[in-house]
Amino acid sequence: MGLNDRGLFLCSNGLLLEHPYYNSKKGRAEWKSMDPSTRPKELFERDDDGKVMVRVGIPLPDKYQNLLDWEERHADQPRLVE
């Protein structure tokens, strides 16, 4: 299925959530005792409020990535308006 000229298509390939355990009282103590270099790369502590967040994602499906690549290549070209 081609996506060009068929409207707006949305694709979510990532999530950012508060970590359920490391934001609990017990989990917070464990988080603070961890060596930062050994923490999983998907986890980080927000600067503004100190909450531990989980960032996960998957690559865009090929058809979406191809559309984005095509749009990027043609972004500066004038378009014909009918």
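These numbers come from a predicted model, not from an experiment. (Residues numbered from 1 in each chain as written. Predicted model: local features only at pLDDT ≥ 70, side-chain atom pairs only at ≥ 80, totals over all residues. Heavy atoms only, no water.)

A short note on the pattern of salt bridges
Charged atoms that come close allow side chains of opposite charge to pair. Spelled out, the test is: We define a salt bridge as a side-chain nitrogen of Lys or Arg found within 4 Å of a carboxyl oxygen belonging to Asp or Glu. To qualify as a helix, a DSSP run of H or I must reach at least 4 residues; to qualify as a strand, a run of E must reach at least 2; elements of each kind are numbered from the N terminus. Relative accessibility decides the category of a residue: with a 1.4 Å probe and only protein chains considered, values under 20% of the type maximum give buried, values over 50% give exposed, and everything between is partly exposed.
Taken as a whole and assessed by the stated rule, the structure comprises six salt bridges. Of the charged contacts in the structure, one is a salt bridge between Glu18 and Lys51, with a shortest N-O distance of 3.2 Å. With a gap of 33 residues between them, Glu18 in strand β1 (residues 14–18) and Lys51 in the loop between β2 (43–45) and β3 (52–57) connect regions that are remote in the sequence. Here Lys32 ties to Glu45 by a salt bridge, and the two come within 3.2 Å at their closest N and O atoms. Note that Lys32 is positioned in helix α1 (residues 25–33) and Glu45 in strand β2, a separation of 13 residues in sequence. Taking relative accessible area as the criterion, Glu45 reaches 28% and is therefore assigned partly exposed. What you see here is one network of salt bridges that share partners, running through Arg28, Lys32 and Glu45.

Overview of the sheet that holds β3
Two strands in a sheet stick together by hydrogen bonds in their backbones, pointing the same way (parallel) or opposite ways (antiparallel). Note the following rule: Pairing between two strands is assigned when DSSP locates at least 2 bridges connecting them. Axis geometry follows a simple rule: fit a line to the C-alpha atoms, using only the stretch in contact for helices, then measure angles between N-to-C directions, giving values from 0 to 180 degrees.
Spatial strand order, β1-β3-β2: three strands in an open sheet with antiparallel pairing. Edge positions in the open sheet fall to β1 and β2, since each of these has one partner strand only. When strand polarity is set aside, the average angle formed by the axes of neighbouring strands in this sheet is 25°. Two elements, β2 and β3, share three bridges in a ladder whose sense is antiparallel. Within β3, the position partnered with Phe44 by the bridge is Met53.

Regarding the confidence of the model for the chain
Stated formally: pLDDT runs from 0 to 100 and stands for how confident the predictor is about each residue.
When pLDDT is averaged along the chain, the result is 87; 85% of the residues meet or exceed 70. Ranking the elements of the chain by mean pLDDT puts helix α2 (residues 62–74) last with 85 and β2 first with 97.

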